[in-house]
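# Fold and contact review
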Amino acid sequence: MMRLFFRRRRMSDFADAIRPELAAIPTPEPTEQLLDRILASRAATARVILPEPLTPRSRVPRRAIVAIAVAAVALLMLVPSVHRAPSTGEDVFASSGFLAREAFAQSADRDGGRRLPPVALARPQAIRPLALEFSRRVQNATGQLVKESVDSLAVVPATVDGTPVWQITSRLRELVATQLRVETETLYVARADLRALSRAVHVSPYSRFERINVQQRFQGDSLTGRMTTDGPSIGAGRAIARRLRPELGPYLTGAFVPLALMTVPMSPTWSASADLLGWAVVPRDVYTPIELRVEGEEYLTVPAGTFDCWRLSIRFSDGPISYWIRKSDGLGVRVLDERNAATTGTRETVLRRVTE
Amino acid sequence: MALPRPYEKPEDSPDARLVAEAARGSPDALAALYSRYARELLALAYRLLQSRQDAEDVVHDVFVGLPEALRRYEERGSLGPWLRKITARVALMRLREQRARPVVELDERRAHASVNAPETALTIEQALRALSPNLRAVLVLKEIEGFTHAEIATMLDISVGASEVRLHRALIAMRATLIDNT
């Protein structure tokens, strides 16, 4: 104990001794060029979302922690359990998606690499003009239908700044209580290589707002844009500025998900990884990693017809969902999400109609 | 290069007015804040990252994002410490991203140091550079920048005890390097 004290004391003396020299180590001077660069970036509407300067956590004495834990356990034993409805997400500014609610699974600071190779969108020419209609159903734990909605998706050729693109528009309409909720996404991808160029999402109503609008632009590894709201407006909204790590991806948006595997050669042993892109307004909704695996082959009947399908599992951080695609062209046919079957229920999306 | 730009005298512009104008996007106010704070923020970023280019990128990002961030700024303390904490966090985020691709600019730094500092400072600097990024971050934040262990623990998302241990290890490593070089 005494030895430890003296060792710490020696280190403290050493720290005192080198502190002035540490502080005297030369550092660069700020230049006018750097200021010019900053002002030029601002003038070019570049925006950076800075982190909050965190305040230190207060240290809770161990005895207090034990007392709180005991009280919590006692409370759990005394109070009957109540299933709370999932949060309506007041001002959460985060996305849902074609594959059900996958938002909030990850942050932009995710460490570590992928375990599977990335989904290779190897056949961009497989995308073609299409009009699809999906039906989404949510059943509670007792099998009762609690929500039903229609999701349409259209793929049309267009040109943006001279670049041939696909304009992919998805439109979800669902009745929430007595109010119609509409969610649209318009995505532009280059026809040559399917890289995303821009994306616009509008949800009406959203939380306490009449409408939320999310605009995103993709350039290199940068995702920039802005989120705004209508009624009430939050002024200039929130800037979006995220880096999409090149070693991850491909980054798929909700509108592109049903089409993505049209461009991928499948086999019974195929597996790969990708990232689902969120609205990127909040750090925990930038992208969500998923792992896809072919689990089997089966004939599946949905309102659009009976199809020979690959059955895949798509694994999120909180479990897998099932996804069926047509063998003939890789088009998404059915999604079944039973991750929270015992609590919030089962979500299912099926293909209702295909128009070519 | 030192700043020769003819800004209005910073001491005549109280932070509150500059903050309000910068938050509205005024380039002049942003330039005035730059002239007032860039030196210490660049030094902080440089000490953590050990690269002039990366430190300048950090300061660039901080000032580009500053007008929007200032709209959230609550004037409970002075602006300087608030900016230093943000800059430290941005630099630490960059440090985490860089782990896989360390950048070494030793020649540039040696030349710079040999002109401007005595030989002992070069040795201290080498010892600081020789530390792992984890240890160097704690040493810089505690011994040079004057943050508390509680603040460092929050920035690095580690416990206060871990911050203290890292500082202790950093000092041991520094001393070993300096002894080897003498």
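Residues numbered from 1 in each chain as written. Chains lettered and ligands numbered in written order. Predicted model: local features only at pLDDT ≥ 70, side-chain atom pairs only at ≥ 80, totals over all residues.

### A closer look at the overall build of chain A
A count of helices and strands for chain A gives four helices and 15 strands. Counting every position in chain A, which comprises 356 residues, the buried fraction comes to 29%. Intrachain contacts of chain A at a sequence separation of at least 6 include 53% that bridge at least 24 residues. (Helix = DSSP H or I, 4+ residues; strand = E, 2+ residues; numbered from the N terminus. Buried ≥ 20, exposed ≤ 12 C-beta atoms within 10 Å, placed from the backbone. Contact = placed C-beta atoms within 7 Å.)

### Observations regarding the overall build of chain B
Counting its regular elements, chain B contains nine helices and zero strands. For chain B, the N- to C-terminal ordering of α and β elements is α-α-α-α-α-α-α-α-α. Buried positions account for 42% of the 182 residues belonging to chain B. In chain B, the proportion of contacts linking residues at least 24 apart, taken out of those at least 6 apart, comes to 68%.

### Brief notes about the nonpolar core
B:Ala45, B:Leu48, B:Val59 and B:Ala91 are the most contacted members of the largest nonpolar core, which totals 60 residues. For this core, the element with the highest residue contribution is helix α2 (residues 27–49) of chain B, accounting for 16 residues. Composition of this core by domain shows at least three residues from each of domain 1 (8–103) and domain 2 (104–182) of chain B. Setting aside anything within four residues of it in sequence, one finds B:Ala91 in contact with B:Leu44, B:Ala45, B:Leu48, B:Leu49 and B:Val58. Formed by 59 residues, the second largest nonpolar core is a distinct cluster that contains A:Val201, A:Val281, A:Leu312 and A:Ile321. (Core = buried A, V, L, I, M, F, W, Y, C linked by C-beta atoms within 7 Å. Domains from an automatic or database assignment.)

### What about the packing of helix α2 (residues 32–43) of chain A against helix α3 (residues 52–70) of chain B?
Interhelical geometry of α2(A) versus α3(B) gives an angle of 40° and a closest axis separation of 9 Å. Judged by the angle between their axes, α2(A) and α3(B) are oblique. Along this stretch, α2(A) crosses α3(B), giving a crossing that reads as right-handed. Each of A:Leu34, A:Arg37, A:Ile38, A:Ser41 and A:Arg42 in α2(A) lies in contact with α3(B), whose residues at this interface are B:Glu56, B:Val59, B:His60, B:Phe63 and B:Val64. (Axes fitted to C-alpha atoms, helices over the stretch in contact; angles between N-to-C directions. Parallel < 35°, antiparallel > 145°, perpendicular 65-115°, else oblique. Left-handed = near helix turned anticlockwise from the far one by under 90°.)

### Quick look at the packing of α2(A) against α2(B)
Between two packed helices, the angle of one axis relative to the other and the distance separating the axes together describe the packing. As a packed pair, α2(A) and α2(B) sit with axes 11 Å apart at the nearest point and diverge in direction by 150°. Here α2(A) lies roughly antiparallel to α2(B), going by the angle between them. In the packing of α2(A) onto α2(B), the handedness of the crossing is right-handed. Contact residues: α2(A) offers A:Leu35, A:Ile38, A:Leu39 and A:Arg42, while α2(B) offers B:Pro27, B:Leu30, B:Ala31 and B:Tyr34. For the contact of α2(A) with α2(B), the class distribution of residues is seven nonpolar, no polar and one charged. (Nonpolar A, V, L, I, M, F, W, Y, C, P; charged D, E, K, R; others polar.)

### With respect to unusual backbone geometry
Residue and element names in this part refer to chain A. Here the bond from Gly231 into Pro232 is cis, since omega is 0°, no more than 30 degrees from zero. Mapped onto the fold, Pro232 is located in the loop between β7 (222–230) and β8 (238–243). Here the residue pair Gly249 and Pro250 is connected by a cis peptide bond, since its omega of 0° sits within 30 degrees of zero. Topologically, Pro250 is positioned in the loop between β8 and β9 (251–252). Its identity as a non-glycine residue notwithstanding, Asp161 has a phi of 50°, on the positive side. With respect to the helices and strands, the residue Asp161 is situated in the loop between β2 (145–160) and β3 (163–176).

### Concerning the pairing of strand β6 (residues 211–219) of chain A
Residue and element names in this part refer to chain A. Judged from the six bridges that link them, strand β5 (residues 196–204) and β6 form a sheet pairing that is antiparallel. Pairing of Ala200 across the sheet is with Gln215, part of β6. Counting the residues between successive antiparallel strands, the hairpin from β5 to β6 contains six residues, one of them, Ser207, with a positive phi of roughly 50°. Of the strand pairs in this sheet, β6 and β7 are connected by nine bridges, and their pairing is antiparallel. Of the residues in β7, the one forming a bridge with Phe218 is Leu223. Where β6 hands over to β7, the hairpin turn is made up of two residues, of which Gly220 adopts a positive phi near 60°. (Pairing = 2+ DSSP bridges.)

### Notes on α2(B)
Residue and element names in this part refer to chain B. An ideal rise of 1.5 Å per residue puts 33 Å on 23 residues; α2 reaches only 28 Å between its terminal C-alpha atoms. Tyr37 marks the point of greatest bend in α2, at about 55°. A large share of α2 lies buried, amounting to 17 of its 23 residues. (Expected span 1.5 Å × (residues − 1). Bend = angle between axes of the 7 residues up to and from the residue.)

### Brief notes about the environment of A:Ala239
Topologically, A:Ala239 is positioned in strand β8. A:Ala239 sits in the partly exposed class, given 18 other C-beta atoms within 10 Å. In this view, A:Ala239 contacts A:Arg47, A:Ile49, A:Arg226 and B:Glu68; residues no more than four positions away in its chain are not counted.

### A few points about the interface of chain B and chain A
Contacts between chain B and chain A engage 53 residues on the former and 35 residues on the latter. Elements that contribute at least two residues to the side of chain B that touches chain A include exactly α2, α3, α4 (79–98), α5 (106–116), α6 (119–130), α7 (133–144), α8 (149–156) and α9 (160–180) of chain B. Counting residues per element, the side of chain B that touches chain A draws most heavily on α3(B), which supplies 12 residues. Taken together, the residues that form the side of chain B that touches chain A break down as 33 nonpolar, seven polar and 13 charged.

### What about the confidence of the model for chain A?
All names here are of chain A. When pLDDT is averaged across chain A, the result is 81; 80% of the residues are at 70 or more. Under a pLDDT of 50 for its full length, residues 78–90 has, in the predicted model, seven contacts with residues more than four places off or in other chains. Overall, residues 102–111 carries pLDDT values under 50, and its contacts beyond four positions in sequence, including any with other chains, amount to 26 contacts. (pLDDT = per-residue confidence, 0-100.)

### Regarding the pairing of β2(A)
Put simply, side chains in a regular strand alternate between the two faces of the sheet. All names here are of chain A. Sheet topology note: the strand β1 (residues 130–139)/β2 ladder contains 10 bridges and is antiparallel. Following the sheet pairing, Gln139 is matched in β2 by Leu145. Between the antiparallel neighbours β1 and β2 lie five residues, among them Gly143 with a positive phi of about 90°.

### Describing the confidence of the model for chain B
All names here are of chain B. In the predicted model, chain B carries a mean pLDDT of 78, and 75% of its residues have values of at least 70. Averaged pLDDT values over the elements of chain B bottom out at 39 in α5 and peak at 93 in α2. Throughout residues 1–13 the model reports pLDDT below 50, and contacts reaching past four residues in sequence, or to other chains, amount to 20 contacts. Interface confidence for the predicted complex, given as ipTM, is 0.81, next to a pTM of 0.51.

### Some thoughts on the environment of A:Thr229
Residues and elements named next belong to chain A. By secondary structure assignment, the location of Thr229 is in strand β7. Note on Thr229: 21 C-beta atoms within 10 Å, which makes it buried. When the C-alpha positions of Thr229 and Arg208 are compared, they lie 9.8 Å apart, and in sequence the two are 21 residues distant.

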